[in-house]
Structures are given as structure tokens and as C-alpha cells.
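Take a look at the letters that make up each chain.
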Amino acid sequence: ERDTWQRDRNILHSALKQAESELSKATIEIENKPVVETAGPKLQRLYRKYLRAESFRKALVYQKKYLLLLLGGFQDCEQATLSLIARMGTYPSPVDLQLSGSHSRPFTKFRCAVRAITAVSR
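Bear in mind that the values here come from a model prediction, so they are computed numbers and not experimental data.

Conventions adopted
- Residues numbered from 1 in each chain as written.
- Predicted model: local features only at pLDDT ≥ 70, side-chain atom pairs only at ≥ 80, totals over all residues.
- Heavy atoms only, no water.
- Helix = DSSP H or I, 4+ residues; strand = E, 2+ residues; numbered from the N terminus.
- Buried < 20%, exposed > 50% of the residue type's maximum accessible area, 1.4 Å probe, protein only.
- Areas by Shrake-Rupley, 256 points an atom, 1.4 Å probe, with all protein chains shown as cover.
- Phe/Tyr/Trp six-rings, centres within 6.5 Å; stacked < 30°, edge-to-face > 60°.
- Patch = residues over 30% accessible without salt bridge, like charges linked within 9 Å, V, L, I, M, F, W, Y side chains within 5 Å.
- Salt bridge = Lys/Arg side-chain N within 4 Å of Asp/Glu carboxyl O.
- Lys, Arg positive; Asp, Glu negative; His and termini not counted.
- Charge placed at Lys NZ, Arg CZ, Asp CG, Glu CD.

## Looking at the overall build of the protein
- Broken down by element type, the protein carries 4 helices and 0 strands.
- Beginning at the N terminus, the succession of helices and strands in the protein can be written as α-α-α-α.
- Burial analysis of the protein (122 residues in total) assigns 2% to the buried set.
- Carbon and sulfur atoms form 62% of the exposed surface of the protein, whose accessible area is close to 11300 Å².

## Considering the packing of aromatic side chains
- For the structure shown, the criterion picks out 1 aromatic pair.
- The interplanar angle of 35° and the centroid separation of 6.3 Å between the aromatic rings of tyrosine 47 and tyrosine 50 together place this pair among those described as tilted. Taken together, the positions of tyrosine 47 and tyrosine 50, both in helix α3 (residues 41–88) and 3 residues apart, correspond to about one turn of that helix.

## Some thoughts on a positive patch on the surface
- There is a patch of like positive charges on the surface, built from Lys42, Arg45, Arg48, Lys49 and Arg52.
- Take lysine 42: it is sitting in helix α3.

## Points about the pattern of salt bridges
- Applying the stated criterion across every chain, the model contains 1 salt bridge.
- The closest approach of N and O atoms between arginine 57 and glutamate 54, which form a salt bridge, is 2.8 Å. Highlighted residues: arginine 57 and glutamate 54, both in helix α3, separated by 3 residues, approximately one helical turn.
- Accessibility expressed as a relative area gives 45% for arginine 57, which makes it partly exposed.

Written as C-alpha cells, this is what we have:
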């Protein structure tokens, strides 16, 4: 009777160990499986839309930082050029200021637009 009890105990003990290992494997699979695969198609579609929107948002943040950096560089360059001209002691005549002021404003706008489009396309 004791031998029978010992065999049953060993059989049950091995079955318990096997069940525990299967349970641990199943919990690992469940923990590693993404939520999207187990969810319905509606939730999957919403998750894809969220990922797309997040990607666009990150791209816009990157573009904004790049443009601010680019425009800041142009501003520094312009200030350095103006200070160099001032140090040279050459000042434009009032007639030149009127002509260049009327022509340079649209040209400057155009140049800024071209640089912005180039930056966005990059």
C-alpha cells in the first residue's frame, strides 16, 4: 500500500510540475502578445490611426525644430553682415534705400518661402 501511495504521489507530483510549466509558458505568451492582436478589428483600426497621427506629429515637431534652427542661422548671418557693413563705414544713400526697400521686401519673402519649401522637402 505504501509503494502504491508513493507511485501515485510521484505521478501526481510530475503531473503538477508539468501543469505548472504549461501555465508559466501560457502566461509568458499572454504577456508577450500585443494587445492589438487580441483586440477586435475596430480597435486595431483606431490603433493604426493613432500610430499614423503620432508619426505625423513627430515629423512636424522635427520640421519645426529644423526650420527654427535654419531661420536662426539666417538671422545671425544677416546681423553679422550688417555689423560688418557698419564697421566698414559704408552707408547706402537714401535713394538706394528707397529702391532696395521696395525691391528687397518681395524678393526676401520669395527667398524665405523657397528656403522653407526646401527645408520641408528635405
